[in-house]
Amino acid sequence: MASSEVKKGKNICSLTMSSHVGFESLPDQLVNRSIQQGFCFNILCVGETGIGKSTLTDTLFNTNFEDQESSHFCPPVKLKAQTYKLQESNSYQPIADYIDAQFEAYLQEEMKIKQSLFNYHDSRIHVCLYFLSPTGHSLKTLDLLTMKNLDSKMNIIPVIAKADTISKTELQKFKIKLMSELVSNGVQIYQFPTDDDTVARINAAMNGQLSFAVVGSMDEVKIRNKMVKAHQDPWGVVQVENENHCDFVKLREMLICKNMEDLRKQTHTRHYKLYRRCKSEEMGFSDVGPENKPVSLQETYEAKRHEFHGERQRKEEEMKQMSVQRVKEKEAILKEAKFEHLKRVHQEERMKPEEKRRILDKEIIDFSKKKATCEIFQTQSFLATGSNLRKDKD
């Protein structure tokens, strides 16, 4: 097959265009389309509280992403209630769940019959800036564990925050130790691509300078009659955009100016496709069959449809048998209840004549007693009348 492909390649003819076609305008078309429609580039900042994530993000895009403060001159007096649920967690799982949720939302949109991906708000994470404390020592176990479990879900760029709190010598040693620990623990951080000749040299140089040591600040300080963004320390001024002071300019250049599109591409072709493949395998879809032969989606669908149909018939048969068994049990219970009811009714009917007989016997006894009393009373009256008659004759 390889030889046939080579032969086919040799048979390809190169044609020389006799006039201008306009292929060189394709980049301009893509740029104009991106400017008109816009695009999504999502950055996830991960790090401990107070390490400078918000400040660096504001500095990176030269804006303020925080909410505006409330005015002190509102005419009416109002109370604004805010409720917060605080939860302390040292687990990477909430981050992983959030990333998977964004992948799942895109997958659901992609699986729709009427797709609208051209205007879909893509919320997938394109790059993660992982902020590390400038301790000068080894990485924390939590940081290693988090990056190890998230490197297959997104592009991770480690960043050493607050680089002005450590000397240049210690910072360089910390960078070397940091990268050594990441490699030894198998953490796959994002590598700037070197396959494009236009950025290959600078990307290769920047890959050797990871991790970036940065300082963020929105404050402006006047230095040599020029206002620059800087961070004022008791021991001096750290200029944010001075490459001799920190790597902020390098980070911004690599992240936005040089490799933004590659980050978006890697997110879609590598991380999202991996998530989609895992989800498809969970649902029983695969590219190969039981004999490791290629299987089309239609064949897999028909096989799963046949399997589900058989499973449904089996469950229906089980439900029918269960229903029949329950009916029989119910009938047995009803029969037993009916028998007990009839037995009770028969017993009650048998007791009715006995009760009537007992009542009649009682009435007969009472009548006999009354009769005997009357006879005694009549006898006494008769004797008394005879005695009175004899007295009168005498």
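Residues numbered from 1 in each chain as written. Predicted model: local features only at pLDDT ≥ 70, side-chain atom pairs only at ≥ 80, totals over all residues. Heavy atoms only, no water.

Another point: the overall build of the chain. Along the backbone of the chain there are 10 helices and 7 strands. The 394 residues of the chain split such that 26% are buried. The long-range share in the chain, meaning contacts at least 24 apart out of those at least 6 apart in sequence, stands at 68%. When the accessible surface of the chain is split by element, carbon and sulfur atoms take 54% of a total near 30,100 Å². (Helix = DSSP H or I, 4+ residues; strand = E, 2+ residues; numbered from the N terminus. Buried < 20%, exposed > 50% of the residue type's maximum accessible area, 1.4 Å probe, protein only. Contact = heavy atoms within 4.5 Å. Areas by Shrake-Rupley, 256 points an atom, 1.4 Å probe, with all protein chains shown as cover.)

Working definition: the strands of a sheet are paired by backbone hydrogen bonds and lie parallel or antiparallel to each other. Here 4 strands make up an open sheet; going across it, the order is β1-β2-β3-β4 and the pairing parallel. The strands lining the two open edges of the sheet, one partner per strand, are β1 (43-46) and β4 (212-213). Bridge count between strand β2 (residues 127-132) and strand β3 (residues 156-160): 5 bridges; the pairing is parallel. Along β3, the bridge assignment pairs Y130 with P158. (Pairing = 2+ DSSP bridges.)

Another aspect to go through is the packing of aromatic side chains. Summed over the entire model, instances satisfying the criterion amount to 6 aromatic pairs. With a centroid separation of 5.5 Å and 85° between ring planes, the pair formed by Y190 and F192 is classed as edge-to-face. Residue Y190 is classed as buried on the basis of its relative accessible area, which comes to 6%. The structure contains a cluster of three or more aromatic residues connected by ring pairs, namely F103, Y106, Y120, Y272 and Y275. (Phe/Tyr/Trp six-rings, centres within 6.5 Å; stacked < 30°, edge-to-face > 60°.)

Looking now at empty space enclosed by the protein. This model, assessed by the stated rule, comprises 1 cavity of 30 Å³ or more. If you trace the largest cavity, you find it lined by L132, S133, T135, S138, L139, K140, D143 and F174. Split by residue class, the lining of the largest cavity holds 3 nonpolar, 3 polar and 2 charged. (1 Å grid on protein atoms, 1.4 Å probe; cavity = no way out; pocket = protein on both sides within 12 Å on 5 of 7 lines; lining within 4 Å. Points joined across faces, edges and corners; volume = space filled by probe spheres on them. Nonpolar A, V, L, I, M, F, W, Y, C, P; charged D, E, K, R; others polar.)

A separate point is helix α5 (residues 141-150). Inspection of α5 places D143, L144, T146, M147 and L150 among the buried residues, and these make up the whole buried set. The arc enclosing the buried residues of α5, seen along the axis, measures out at 165°, which places them on a common side. (Arc of directions from axis to C-beta.)

On the basis of which strands lie adjacent, the open sheet formed by 3 strands has the order β5-β6-β7 and antiparallel pairing. Two strands bound the open sheet, and with one partner strand each, they are β5 (220-223) and β7 (236-239). For this sheet, the mean angle separating the axes of adjacent strands, direction not counted, is 65°. By the bridge criterion, 4 bridges tie β5 to strand β6 (residues 226-233) in an arrangement that is antiparallel. Within the sheet, the bridge partner assigned to E220 lies in β6 and is K229. (Axes fitted to C-alpha atoms, helices over the stretch in contact; angles between N-to-C directions.)

The subject of this paragraph is the confidence of the model for the chain. Close reading of the predicted structure is inappropriate where its pLDDT is low. Scored by pLDDT, the chain has a mean of 80; 83% of the residues are at 70 or more. Confidence over residues 1-9 falls short of pLDDT 50; this stretch has 0 contacts with residues more than four positions distant or in other chains. (pLDDT = per-residue confidence, 0-100.)

Now for the pairing of β7. Put simply, side chains in a regular strand alternate between the two faces of the sheet. With 4 bridges joining them, β6 and β7 adopt antiparallel strand pairing. Paired with A230 across the two strands is Q239, which belongs to β7. Where β6 folds back onto β7 in an antiparallel hairpin, the turn is made up of 2 residues.

Turning to the environment of R344, a few remarks are in order. Tracing the sequence through the fold places R344 in helix α10 (residues 297-393). Here the side chain of R344 touches H341 through a polar contact of 3.1 Å, side chain to side chain. (Polar contact = N/O pair within 3.5 Å; in protein donor to acceptor, adjacent residues only side chain to side chain.)

The next subject is the pattern of salt bridges. Within this structure, the stated rule accounts for 16 salt bridges. Residues D247 and K250 are paired through a salt bridge, measuring 3.8 Å at the closest nitrogen-oxygen approach. For D247, a relative accessible area of 7% translates into the label buried. With a closest N to O distance of 3.3 Å, E261 and R264 form a salt bridge. On the criterion of helical spacing, the pair formed by E261 and R264 is a turn pair, its members being 3 residues apart in helix α9 (residues 260-282). For E261, a relative accessible area of 55% gives the class exposed. A residue is classified by how much of its surface remains accessible, and R264, at 24% relative accessible area, is partly exposed. A network of salt bridges, in which partner residues are shared, links K175, D247 and K250. (Salt bridge = Lys/Arg side-chain N within 4 Å of Asp/Glu carboxyl O.)

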